[in-house]
Structures are given as C-alpha cells and as structure tokens.
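# Results of the structural survey
These are the residues of each chain, in order.
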Amino acid sequence: MAKAGFSLDLDDLYARGARLIRESVQCGVTSMRAHVEVDTIVGFSCLDVAQALSKEFRKLFFAQEPLFDAPGDTQPGQNYIILQEALKRDDINVIGSAPYVESTVEQAKSNIALIMTAAYENEAHVDFHLDYNLDPSLEPLIHEVISQARRLNGWADVDGQCRRITIGHATRLQLFSQEQWQQLKEDIKGLAITLVGLPQSDIYMQGRGDHEMPLGAPRSTLRVPYLLNKYGIEVAMSVNNVQNAFTPQGSLDPLMLCSLGVALFQTAAPTDIEALVVGRLLLVQCRNERLKNSIFNQRSVTLTSKLALGAGGSDGRGLFPVAGDAADFVILHGADSLQSAVLHPPFDRTTIRAGVVVARRRSSTWLLNDPEDASDIRNS
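Residues numbered from 1 in each chain as written. Predicted model: local features only at pLDDT ≥ 70, side-chain atom pairs only at ≥ 80, totals over all residues. Heavy atoms only, no water.

### Thoughts on the nonpolar core
Core analysis: the biggest nonpolar cluster contains 67 residues, and Met 116, Phe 128, Ile 165, Ile 167, Leu 173, Trp 181 and Leu 195 have the highest contact counts within it. Among the elements that line this core, the one with the most residues is helix 4 (residues 105-121), at 7 residues. Those residues within four positions of Met 116 in sequence are excluded, and the remaining contacts are Val 126, Phe 128, Val 145, Gln 148, Ala 149, Leu 152, Trp 155 and Ile 165. (Core = buried A, V, L, I, M, F, W, Y, C linked by side-chain atoms within 4.5 Å. Buried < 20%, exposed > 50% of the residue type's maximum accessible area, 1.4 Å probe, protein only. Helix = DSSP H or I, 4+ residues; strand = E, 2+ residues; numbered from the N terminus. Contact = heavy atoms within 4.5 Å.)

Given below as structure tokens:
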C-alpha cells in the first residue's frame, strides 16, 4: 500500500502539499479544504505535515480507513481511537470519513453516527465521502446523515452561517427517480447540507462494470445544472484526488471542471454556464469596453463550494456582489464574457485574497515566422 511509506518521508509529503497549494492559488483558488487522513497506517504523519504547511489555515482530518476492525464488530476499533486523539489538536474544525469502506451497512451507519456525534460535541463541520457507487441494490446512506442531523439538532441552516455537512461524490444519487429527488429536496430543507460532485474522480472510477455495454460507462457524477434547474438543489463541484490511483488525470484548476461540465452535462446555455461557474468572485478583464470591469459571481466551483466549506454562503444576490463582501476573487485576463471564461478559460490570472494580490500567472508564447512578431520587429 503506497501510503504505508508516508510517515517515512515527511519532506516528500510537505513538498507535494506545498506544490498543490501553490498551483491551486495560481489558478485562482481562495479557499481550500484538505482531506488529511489519520488511521493505523499513516498515524498522524499527514496531519503533522498539513499543520506545518500552513498554521494560519484550519484543517480537516479524515478517516479513509474503516472505523470498525472486523465485519462483526459493534464497537469501533483503533482507527476511531486515533481519530479521537486527533480531535484534541488545535485548529481542527472539520471531521470526516468514508462510510462506504465499512464491511456492512450497519457499520457504515454507525460510522456516520460516530463522526456526527464527535463533530457535534466538538462544534466541528462534517465532510463525508458517501454513496460512492452506482449499485441500485445498495441503500443510499444520505438518509442516515439526514436522520443523524435531525437527531443531534446541530446543523440548522441559518443564512449559511452554521456548522455544515458536506457530502462528496454521492454518485448513487444519480439513480434516483424524480420522486426520490423531490423527497430528498424536502428532507434536507432547513439543514446545512451541501452535495459536492467530484467529476474527475467520479467519471474515472465509477461505471467500470459497463465497459462492454454499447455506450460504455455512464456519466457517473452529479448533474449540476439539471439538479439546480429541476429541483433547486445547488451542487458544488471540486477537484478531489490529484495525480493518484483514483484520479491520475486532470488539472487543479476549478474552471476546467466547468469546461468538463459543459460536455458532461451537454449544455452551454448561459443559465447553465452560470450554474456551473457562479461562486467565487470573478473579475473578467474584457476586450469589449462595454463589458470591461464587469464582475461575475460563480456558483458550483465558487460560492457553493465556499458554502460547502463553511466559508460563507450563497445569499441569492446573483451576479453582483455588494460593498462589504470579502475581496476574494480572480482576474481572468483576456476573457471577454462569463461564457468565454468557462468554454475557454484563460491561462493568465491574478488571484486576490482578502484584498491582497497573492498570486499572478502569465503565459509566454513564441511562434516561428509569426506575422505579429515580424510586425513588432519592423516597428521597433
């Protein structure tokens, strides 16, 4: 197992984490949640490195391995003990797990109850990787999350300002009927629950049993524009694993998810593009004078993603922020519209966090016998 060697080379862990953060900020990322595993395999090595990387940011720690040692166990094992120990550290405000790795449905439900109770007692957010399958015979565990949230009464949504529950993947929900989606909409009403599609991982990992079918594997990630338009359910999109066995491909750039979404969801309609991208404040530098200095909000990779992180809400103001909003945005140099920002995201960007320029990215190009270059030479 690759992660068995993590604790033996903390410098490598640090270097890879630093590179991920650096490149993400250069893409325009202003808020990030890192899933830092703690279990009997890695111990606290990942958490140690994460805290060393950036003490000013709060961390999530995450139980990727089962909390129960054996299928018949009714009490959690050593991984849960390690998880509780990690909770005692400073600057921990999120706890999460992957209940689907448990051996039985009963243990998966107990996993959810244990994590949510621990989060409730420690006033923390919750982040689950949940319902990561396309098997109609498996019970959707999102209903257990809703049940526990109601039982604990600690996740009421008050204008987006509260502890939040984030549900990542949730590919099993793709099999829901219209009636089931409508019921889910009613069930989560008033709860601070956000679904997060992770398309680069979801598409790569799910539907492998359908390779011999005429159309191959299905589109196995949450349908962002459809769910918003049909049921009013906002879904965030995010980059999940980066260059590992579960997601060997793809970019750190959230805007590239929007470009991918145009093809996956088969829509380039302006309203759907807005649903894909509206969220982080995006200043588009326009060639068109009429559009110059227009500011756009972006949702699935921006405002809804920040909502999922507990970093601020989507308050329905639409495309126009107002005075007093956090000055977190990215300038996309050369984009002349929201559509162009999604359909062909520009490379050149400036990232601003809390009103401070924190990163710039510029391209350098050269082409042999380029007429424009020749013109520049003649005029020099």
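Let us keep going from here.
### Some thoughts on the environment of Leu 222
Considering the arrangement of structural elements, one finds Leu 222 in the loop between helix 7 (199-205) and helix 8 (224-231). Separated by 23 residues in sequence, Leu 222 and Pro 199 have C-alpha atoms that sit 7.8 Å apart.

### Focus on helix 8
Buried within helix 8 we find Val 224, Pro 225, Leu 227 and Tyr 231. Following helix 8 by one or two positions, Gly 232 adopts a phi angle in the positive range, close to 70 degrees.

### Topic: the packing of helix 1 (residues 10-27) against helix 2 (residues 45-53)
Where helix 1 contacts helix 2, the axes come no closer than 10 Å and their chain directions differ by 50 degrees. Taken together, helix 1 and helix 2 sit at an angle that is classed as oblique. In this structure, helix 1 meets helix 2 at a crossing whose hand is right-handed. Facing Leu 10, Leu 13, Tyr 14, Gly 17, Ala 18 and Ile 21 of helix 1, the residues of helix 2 in contact are Ser 45, Cys 46, Val 49, Ala 52 and Leu 53. Partitioned by chemical class, the residues of the contact of helix 1 with helix 2 number 9 nonpolar, 2 polar and no charged. (Axes fitted to C-alpha atoms, helices over the stretch in contact; angles between N-to-C directions. Parallel < 35°, antiparallel > 145°, perpendicular 65-115°, else oblique. Left-handed = near helix turned anticlockwise from the far one by under 90°. Nonpolar A, V, L, I, M, F, W, Y, C, P; charged D, E, K, R; others polar.)

### Overview of the side chain of Ser 45
Relative to the helices and strands, Ser 45 resides in helix 2. Here the side chain of Ser 45 touches Val 42 through a polar contact of 2.7 Å, landing on its backbone oxygen. (Polar contact = N/O pair within 3.5 Å; in protein donor to acceptor, adjacent residues only side chain to side chain.)

### Regarding the packing of aromatic side chains
Taken as a whole and assessed by the stated rule, the structure comprises 5 aromatic pairs. Ring geometry for Trp 181 and Tyr 231: centres 6.1 Å apart, planes at 25 degrees, overall stacked. Taken together, the residues Trp 181 in helix 6 (residues 178-187) and Tyr 231 in helix 8 connect sequence positions 50 residues apart. Taken individually, Trp 181 and Tyr 231 each receive the classification buried, so the pair is uniform in this respect. Grouping aromatic residues by their ring pairs yields a cluster made of Phe 176, Trp 181, Tyr 226 and Tyr 231. Over the face of the ring belonging to Phe 347 we find Arg 361, whose NZ or CZ atom lies 3.9 Å from the ring centre. (Phe/Tyr/Trp six-rings, centres within 6.5 Å; stacked < 30°, edge-to-face > 60°. Lys NZ or Arg CZ within 6 Å of the ring centre and 35° of its normal.)

### What about the pattern of salt bridges?
Per the stated rule, a full pass over the model turns up 6 salt bridges. Close ionic contact of Arg 19 with Glu 23 constitutes a salt bridge, the shortest N to O distance being 2.8 Å. Taken together, the residues Arg 19 and Glu 23, both in helix 1 and 4 residues apart, mark about one turn of the helix. The partner of Glu 139 in a salt bridge is Lys 109, and the shortest N-O contact between them spans 3.0 Å. With Glu 139 in the loop between strand 4 (125-130) and helix 5 (142-152) and Lys 109 in helix 4, this pair connects stretches of sequence that are 30 residues apart. (Salt bridge = Lys/Arg side-chain N within 4 Å of Asp/Glu carboxyl O.)

### With respect to the pairing of strand 12 (residues 356-361)
Bridge count for strand 11 (residues 349-353) against strand 12 is 5 bridges, and the pairing is antiparallel. When the sheet's bridge partners are listed, Arg 349 is paired in strand 12 with Arg 361. Turn length for the strand 11-strand 12 hairpin, with the two strands adjacent in sequence and antiparallel, is 2 residues, and the turn residue Ala 354 shows positive phi of about 55 degrees. (Pairing = 2+ DSSP bridges.)

### Some details on the pairing of strand 3 (residues 92-97)
Most of strand 3 sits out of view: 5 of its 6 residues are buried. Pairing geometry for strand 3 and strand 4, over 4 bridges, is parallel. Across the sheet, the residue bridging to Val 94 is His 125, located in strand 4. In this view, the connection linking strand 3 to its parallel neighbour strand 4 by way of helix 4 has right-handed handedness. (Right-handed = clockwise from strand over helix to strand, strands pointing away.)

### Structural notes on the environment of Asp 348
If you trace the backbone, Asp 348 turns up in the loop between helix 12 (338-343) and strand 11. Counting along the chain gives 13 residues from Asp 348 to Ala 335, while the straight-line C-alpha distance between them is 9.5 Å.

### Some remarks on the environment of Leu 87
You can see Leu 87 is positioned in the loop between helix 3 (78-86) and strand 3. Take Leu 87: its relative accessible area is 15%, and that puts it in the buried class. Spatially, the C-alpha atom of Leu 87 lies 9.2 Å from that of Ala 119, the residues being 32 residues apart in sequence.

### Quick look at the confidence of the model for the protein
Segments scoring low in pLDDT should not have their predicted coordinates read at a detailed level. Summary statistics for the protein give a mean pLDDT of 80 and a share of 79% for residues scoring 70 or more. Low confidence marks residues 56-61, where pLDDT is under 50. Its contacts with residues over four positions away, or in another chain, come to 27 contacts. Note on residues 279-298: pLDDT is under 50 here. Beyond four places in sequence and across chains, it has 78 contacts. (pLDDT = per-residue confidence, 0-100.)

### Overview of unusual backbone geometry
Of note, His 169 is a non-glycine position whose phi angle comes to about 75 degrees, a positive value. Here His 169 lies in strand 5 (residues 165-169). Under the relative-accessibility criterion, His 169 is labelled buried at 1%.

### Topic: the side chain of Arg 164
Counting through the fold element by element, Arg 164 comes out in the loop between helix 5 and strand 5. Taking relative accessible area as the criterion, Arg 164 reaches 2% and is therefore assigned buried. In terms of polar contacts, Arg 164 uses its side chain to reach the side chain of Thr 194, at 3.1 Å.

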